[in-house]
Amino acid sequence: MPVHNEDIAAVFDEIADLLEIEGDNPFRIRAYRNGARTLRELGQDVRTLVERGEDITRLAGIGKNLAAKIHEILATGHCRTLDKLRRRLPADLAELLKLPGLGPKRVHALFHELDIHNHEQLERAARDGLIQHLPGFGAKTEARILAALQAHADTGRRFKLAVAGRYAEPLVAYLKTAPGVRKVEVAGSFRRCRETVGDLDILVIARHGRRVIEHFVAYDEVESVLSSGTTRATVVLRSGLQVDVRVVAAVSYGAALYYFTGSRSHNIAVRSIARRQGLKINEYGVFRENQRIAGRSEEEVFASVGLPWIPPELRENRGEIEAAHAGLLPTLVEAGDLRGDLHAHTNASDGHQSIQIMAAAARKHGLEYLAITDHSRRLTVAHGLDSRRLLAQMESIDAFNAGDHGITLLKGSEVDILEDGSLDLPDPVLQRLDIVIGAVHSRFDLTRAKQTRRILRAMDHPVFTLLAHPGGRLIGRREPYDVDMARIIHHARERGCFLELNAHPDRLDLLDTHCQLAREEGVLISINSDAHSSLDFDNLRFGIGQARRGWLEKQDVLNTRPLRELRQLLAATR
Ligand code: DGT
Ligand code: CA
Ligand code: CA
């Protein structure tokens, strides 16, 4: 059975979770998490590297111990350390970690204090009011746990876009090797770049459907076949991801791609326009009476109802049809438009690499400038920088910029916004930076009024440049904090500062709808990688996808500006 990076990363994450629940050494726990992250972000399968005999300990975060475990998992499909941990702890305990708001520390308390190790026991204890009395919990947390259990029961599992991509890519390559296949494309929410996808919808052009379907259901990652016919099949992969494959003829391809790209509500709106024109749209084509008038390409389908082609990311029935009619569709920002990245970490705080290595990687990614923005002192878990260390880093950056490296580094800090809205470094130090990113990393539980006031106050600081990950969510793990985002966007405009769209696939924060709002208000958005390693610049593409969903054009994005212009804009915030 092929083992993917994701499988090994999941093993490492589970080890880290279980160690943390047991209360093990934080450094050991972090080593596993870092290893998992490296694997997830590696551009190729680690299996290939190992097969080629390469030394994988040169990867960031992979030491001797983790390298040995990777070899073990590749060779045996098992990891004895994990097996042992699992035997020591109840089997379903790790499931509790998936509930928003429950980290290993809390699960540790639930397990050791109340002997809770599954959803049912948790729900019973929460209903009985036992949880609010545990140290580190409270009535609010208890209520939130109940709500999370409810939400968990309601929604099936969704996959983060980046994770779904890791399964989609090899599967698409595999389908292309089926007999008679001319084209394979992923439609659905994946093509619309939604932050999470429920299932993959794959379209194939081929003459003989049956052979393609036989090939598909024989894919070695298929766990179960839910349905299978002559032109379509639905399977579940070992990862739990469901995949629909449909084989269509070339004359219908555009219509099928259009139909299965969705969204549902966009399709319905366009179909009613078609109906008014006496046309019928379905996945086989556009028909007048029983005559097919379009269907080969999406452009043809749109043109048949009098519309220009609409980019998939906009197809959410949020005004794109009206805009298309009026000739007012935005020219969406593209990956190649980015000139720099304004949020990156080094090994001075919780990043993995030096300033030099990060700069070289950013340059290789085609960027002209990179802001080094390590954490401030308050974030001790991330080894945040105090004034002295930050000043020393600024000197290294000056020294770097004095050389000729084909990229300019900007001096920055991701400074904690404290509970009262003040910033976690003294003004004289902040004033010497090119860029000050304010970030909320604590007290996510403040009331809406207090959280909003806290952030507005931080933005009022004369050196404040931009607000990091404005909503504070971690997809599938932590809900955004409660805050009046419309007010924050409006305030950014008045104050003349910027908002970040954090491109990390676990964040994708600013939300698409808030990007749209920011654009309407004229607030520039910075699409930032928040890179913690040299591989993370690849994540910028997810930020681009999200920005496109938020209707952003090149001119709406701060870091599409050349350095000179950027400097002027930064200076104007002060
Ligand atoms: P997901 O999978 O939940 O992330 O979201 P989608 O958008 O990929 O939804 P999915 O997989 O259920 O269906 C794929 C596309 O097929 C959907 O975006 C639009 C189209 N579609 C599915 N069912 C219907 C329907 O009942 N009416 C219309 N108009 N389109 C549909
Ligand atoms: Ca889907
Ligand atoms: Ca589907």
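This text gives an overview of the structure that appears in the document. (Residues numbered from 1 in each chain as written. Chains lettered and ligands numbered in written order. Predicted model: local features only at pLDDT ≥ 70, side-chain atom pairs only at ≥ 80, totals over all residues. Heavy atoms only, no water.)

Focus: the site of ligand 1
Spelled out, the test is: Each residue is tested against the molecule or strand, and it is near if at least one of its non-hydrogen atoms lies within 4 Å. For this analysis, a polar contact is any N or O atom pair within 3.5 Å, provided that within protein one partner can donate a hydrogen and the other can accept it, and provided that sequence-adjacent residues contribute only side-chain to side-chain pairs. In this description, accessible areas are obtained by the Shrake-Rupley approach with a 1.4 Å probe, and a residue is regarded as covered only by the protein chains that are shown. The definitions used throughout rest on a 1 Å grid laid over the protein atoms alone, on which a cavity is an enclosed set of points accommodating a 1.4 Å probe that cannot get out and a pocket is an open set flanked by protein within 12 Å on both sides along at least five of seven lines; lining residues are those having an atom within 4 Å of a point. Molecules are considered to sit inside a cavity or pocket once more than half of their atoms lie within 2 Å of its grid points. A run of H or I in DSSP becomes a helix once it reaches four residues, and a run of E becomes a strand once it reaches two; helices and strands are each numbered from the N terminus. For this scheme, ten residues count as nonpolar: Ala, Val, Leu, Ile, Met, Phe, Trp, Tyr, Cys and Pro. Four count as charged, namely Asp, Glu, Lys and Arg, and the remainder, Gly too, count as polar. All domain edges in this entry derive from an automatic or database-based domain assignment.
In the region of ligand 1, 17 residues are neighbours, and Arg158, Ser189, Arg192, Gly198 and Asp199 sit closest. Take arginine 158: an N or O atom from its side chain is 2.8 Å from an oxygen atom of ligand 1. One of the side-chain nitrogen or oxygen atoms of arginine 192 is found 2.9 Å away from an oxygen atom of ligand 1. Considered on its own, ligand 1 offers 600 Å² of accessible surface; in the complex 73% of this is hidden by protein. If you map ligand 1 onto the pockets, it falls in the second largest pocket. In terms of residue count, the dominant contributor to the shell around ligand 1 is helix 14 (residues 264-276) (4 residues). Taken together, the residues that form the shell around ligand 1 break down as 4 nonpolar, 7 polar and 6 charged. Per-domain counts for the shell around ligand 1 show at least three residues from each of domain 2 (159-248) and domain 3 (253-325).

Brief notes about the packing of aromatic side chains
Filter applied, for reference: Stacked, edge-to-face and tilted labels apply to pairs of Phe, Tyr and Trp rings (six-membered ring for Trp) whose centres lie within 6.5 Å, assigned for plane angles under 30 degrees, over 60, and everything in between, in that order. Exposure categories follow from relative accessible area, calculated using a 1.4 Å probe and restricted to protein chains: below 20% of the type maximum is buried, above 50% is exposed, and the middle band is partly exposed. A ring is scored as having a charge over it whenever the NZ atom of a lysine or the CZ atom of an arginine sits within 6 Å of its centre and within 35 degrees of its normal.
Counted by the stated rule, this structure contains 5 aromatic pairs. Relative to tyrosine 32, the ring of phenylalanine 12 has its centre 5.8 Å away and its plane inclined at 70°; by these criteria the two rings are edge-to-face. Taken together, the positions of phenylalanine 12 in helix 1 (residues 5-22) and tyrosine 32 in helix 2 (residues 26-41) put the pair 20 residues apart, joining distant regions of the chain. Its relative accessible area of 2% is what places tyrosine 32 among the buried residues. Their ring planes at 15° and their centres at 6.1 Å tell us that phenylalanine 444 and tyrosine 481 sit as a pair that is stacked. One end of the pair, phenylalanine 444, is in the loop between strand 14 (435-439) and helix 20 (448-460); the other, tyrosine 481, is in the loop between strand 15 (466-467) and helix 21 (485-495), with 37 residues separating them in the sequence. On the basis of relative accessibility, which here comes to 28%, the residue phenylalanine 444 falls in the partly exposed class. Its end group placed over the ring of phenylalanine 137, arginine 106 keeps NZ or CZ at 5.2 Å from the ring centre. For the cation-ring pair, arginine 246 lies above phenylalanine 260, with the distance from its terminal atom to the ring centre recorded as 3.7 Å.

Things to note about the coordination of the calcium ion (ligand 2)
Put simply, a metal with four donors set out as a tetrahedron has ideal angles of 109.5 degrees, and one with six donors set out as an octahedron has ideal angles of 90 or 180 degrees. Where we set the bar: The rule for donors is simple: N, O or S, within 2.8 Å of the metal, or within 3.2 Å if the metal is Na, K or Ca. Water isn't counted, so a site may look like it is missing partners. Working rule for geometry: tetrahedral if four donors all subtend angles between 85 and 135 degrees; square planar for four, octahedral for six, if opposite donors exceed 155 degrees and the others stay between 65 and 115; irregular in every other situation.
For the calcium ion (ligand 2), the protein coordination sphere consists of Asp199 (O), Asp199 (OD) and Asp201 (OD), at 2.2 to 2.7 Å. Here the calcium ion (ligand 2) binds 6 donor atoms, and the angle range of 69 to 165° at the metal identifies the geometry as irregular.

A few points about the nonpolar core
For clarity, the threshold we go by: What we call a nonpolar core is a set of buried Ala, Val, Leu, Ile, Met, Phe, Trp, Tyr and Cys residues that are connected through their side-chain atoms within 4.5 Å. Whether two residues touch is decided by their heavy atoms; if any such pair falls within 4.5 Å, the residues are in contact.
Grouped together as the largest cluster of nonpolar side chains are 58 residues, with contacts concentrated most on Leu370, Met459, Ile488, Leu499 and Ile527. Broken down by element, this core gets its largest block of residues, 5 residues, from helix 17 (residues 355-364). Ignoring sequence-local partners within four residues, the contact set of leucine 499 consists of Met459, Leu466, Leu467, Ile488, Ile489, Ala492, Leu510, Val523, Leu524, Ile525 and Ser526. If you look at the next biggest cluster of nonpolar residues, it comprises 50 residues, including Val11, Ala94, Leu96 and Leu99.

Regarding the sheet that holds strand 5 (residues 222-228)
Just so we agree on the cut-off: At least two bridges found by DSSP between two strands is the condition for calling them paired. Angles shown run from 0 to 180 degrees and are taken between the N-to-C directions of axes, each axis being a line fitted to C-alpha atoms and, for helices, limited to the stretch in contact.
Pairing is mixed across the open sheet formed by 5 strands, whose spatial order is 2-4-7-6-5. Because the sheet does not close on itself, it has two edges, and the strands there are strand 2 (181-186) and strand 5. Looking at each pair of strands side by side, their axes are set apart by 20° on average, direction ignored. Note: strand 4 (residues 199-206) against strand 7 (residues 242-248), 7 bridges, orientation parallel. Its bridge partner being in strand 7, isoleucine 205 is matched across the sheet by valine 248. Sheet strands in contact with helix 13 (residues 253-261) are strand 2, strand 4 and strand 7, and its direction is about 180° off that of strand 4.

Brief notes about the coordination of the calcium ion (ligand 3)
Coordination of the calcium ion (ligand 3) by the protein is provided by Asp199 (OD), Asp199 (OD), Asp201 (OD) and Asp244 (OD), with metal-donor distances spanning 2.3 to 2.8 Å. On the primary sequence, the residues serving as donors to the calcium ion (ligand 3) are separated as D-x1-D-x42-D. In this model, the calcium ion (ligand 3) sits 3.8 Å from the calcium ion (ligand 2), the two metals being bridged by aspartate 199. Here aspartate 244 lies in strand 7 and aspartate 201 lies in strand 4, a separation of 43 residues in the sequence. You can call aspartate 201 buried: its relative accessible area is 12%.

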